[in-house]
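Chain by chain, the residues:
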Amino acid sequence: MTKTLLRALAGETLPTPPIWMMRQAGRYLPEYRATRAKAGDFLSLCYTPDLAAEVTLQPIRRYGFDGAILFADILLLPQALGADLWFVTGEGPRLSTLTGPEGLGALKGKDDIHDHLAPVYETVRILSGELPADTTLIGFAGAPWTVATYMIAGRGTPDQGPAHALRQSDPATFDALMALITEATIEYLSLQVQAGAEVVKIFDSWAGSLKDEAFTTYALKPARRIVSELKRRHPGLPVIAFPRQAGDAYVGFAKATGADCLAIDNSVSPDWAARTLQPDSCIQGNLDPRHMVTGGQPLIDETRQIVQALKAGPHVFNLGHGITPDADPDNVQVMIDTVRGG
Ligand code: 1CP
């Protein structure tokens, strides 16, 4: 196995960690903005395989990242299940809201999503033929809880209030929605793998608002179900789990779910992660994305500190969350040079 990202995910400790970056295809890159303008809008970009493949490749050409993440969005799956989805410029995604059993009953079944998602699988196929031989192709989906928060509220929410309210007021509807998303996610990721994705990542961006038992029920258990079924269907498939802002609940998460790699956000210290989490799995992370905006010596110092802290075990260098549109593309190069050159 020559691909460094696959080696790290298989548990190998490498002299230099492989690197990729969440939202590496995005608005901070002028070439992304140009292709997005050509597509017209964000969803057309996601559903036009040639253009989605093009923006996936842009950061690989510019920086030579070790991983390429499929360009798509976690909200395409709810749309394939029948939710309305649109993006409001300058504000973000909007969906129809799901408030009770009628909304749930109107959704499609887990196996009825593939016609809608066919362009995504086509993007994966194009990429698997076009990526450099040493670049690993990463597929992804949102975790059920995070996807449910958007389907219920119809938008991003600071505290996931509507989803918490529904799980308390109508647990039957909420649990059935979680089960549908979980099973549809398995089908979706499985077809990404068949199309050529070599790794899959499960983004639970809002896992941090689940505590104790709720975390176990709505973050850990669905991840365990998805990982075990995917590995049953695709033996040896590496999985990265990202229960963002999980804090103490990061401990044991990789073991309990079967994930090969735990992605951590930048609220936890890499030294703590090395001691507490890395004995169980590869660790991905966790530079504060603000450094991509501010740059300078603090960027170099913190990058070195993370590499140093995690160098005794398997590590994939990444940010703790997505790079933001106001980032300076030159700072990304500084980060990469620091990781690779010391
Ligand atoms: O061009 C634009 O205006 C769109 C900005 C953008 C981009 C570049 C959105 C809208 N989605 C994406 C692509 C995307 N989204 C990728 C592609 C690959 C890459 O990383 O390069 C991935 C993996 C995602 C995942 C995603 N979408 C997540 C999980 C990760 C995270 O950031 O926490 C979430 C929560 C979303 C929903 C979403 N899509 C877009 C926005 C602005 C949001 C967040 C909305 C909100 O909560 O208000």
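Refer to the structure presented above.
Residues numbered from 1 in each chain as written. Predicted model: local features only at pLDDT ≥ 70, side-chain atom pairs only at ≥ 80, totals over all residues. Heavy atoms only, no water.

Regarding the pattern of salt bridges
Under the counting rule described, the total for this entry stands at 17 salt bridges. We note a salt bridge from D66 to R340, for which the minimum N-O separation is 3.1 Å. Highlighted residues: D66 in the loop between α4 (49–63) and β1 (67–69) and R340 in helix α16 (residues 329–341), separated in sequence by 274 residues. Looking at R340, the relative accessible area reads 37%, which means it is partly exposed. Residues joined by salt bridges that share partners form a network here, namely K110, D111, E183, E187, R225, E229, R232 and R233. (Salt bridge = Lys/Arg side-chain N within 4 Å of Asp/Glu carboxyl O. Helix = DSSP H or I, 4+ residues; strand = E, 2+ residues; numbered from the N terminus. Buried < 20%, exposed > 50% of the residue type's maximum accessible area, 1.4 Å probe, protein only.)

Describing unusual backbone geometry
Phi is mostly negative for residues that are not glycine, and the peptide bonds are mostly trans. A cis amide bond, omega -10 degrees, links G285 with the succeeding residue N286. Its place among the elements puts N286 in strand β8 (residues 282–287). Of note in the backbone geometry, R23 takes a positive phi value of approximately 60 degrees without being a glycine. Position of R23 among the secondary structure elements: in the loop between α1 (4–9) and α2 (30–39). One non-glycine residue, Q160, lies in positive phi territory at about 55 degrees.

Some words on the packing of helix α8 (residues 144–153) against helix α10 (residues 171–195)
Where α8 meets α10, the closest approach of the two axes is 9 Å, and the angle between their N-to-C directions is 120 degrees. The pairing of α8 with α10 is recorded here as oblique in orientation. For the pair α8 and α10, the sense of crossing is right-handed. Residue-level inspection shows P144, W145, V147, A148, M151 and I152 of α8 in contact with α10, the latter providing F174, L177, M178, I181 and T182. Counted by class, the contact of α8 with α10 contains ten nonpolar, one polar and no charged residues. (Axes fitted to C-alpha atoms, helices over the stretch in contact; angles between N-to-C directions. Parallel < 35°, antiparallel > 145°, perpendicular 65-115°, else oblique. Left-handed = near helix turned anticlockwise from the far one by under 90°. Contact = heavy atoms within 4.5 Å. Nonpolar A, V, L, I, M, F, W, Y, C, P; charged D, E, K, R; others polar.)

Concerning the layout of surface pockets
A volume near 1400 Å³ is recorded for the largest pocket. Lining the largest pocket we find 42 residues, and of these R23, R27, F42, D73 and F87 sit closest to its centre. Broken down by secondary-structure element, the contributors of at least two residues to the lining of the largest pocket are α2, β2 (85–88), β3 (92–95) and α8. A per-element tally of the lining of the largest pocket places β3 first, with three residues. Of the residues belonging to the lining of the largest pocket, the class tally is 22 nonpolar, eleven polar and nine charged. (1 Å grid on protein atoms, 1.4 Å probe; cavity = no way out; pocket = protein on both sides within 12 Å on 5 of 7 lines; lining within 4 Å. Points joined across faces, edges and corners; volume = space filled by probe spheres on them.)

As for the site of the ligand
What surrounds the ligand is a group of 23 residues, the closest being Y32, R36, D73, Y150 and S205. Between R36 and the ligand, the recorded distance is 2.5 Å, taken from a side-chain N or O atom to an oxygen atom. Protein contacts shield 87% of the accessible area of the ligand, which totals 910 Å² for the unbound molecule. Residues that form the shell around the ligand fall into these classes: 15 nonpolar, four polar and four charged. (Near = heavy atom within 4 Å. Polar contact = N/O pair within 3.5 Å; in protein donor to acceptor, adjacent residues only side chain to side chain. Areas by Shrake-Rupley, 256 points an atom, 1.4 Å probe, with all protein chains shown as cover.)

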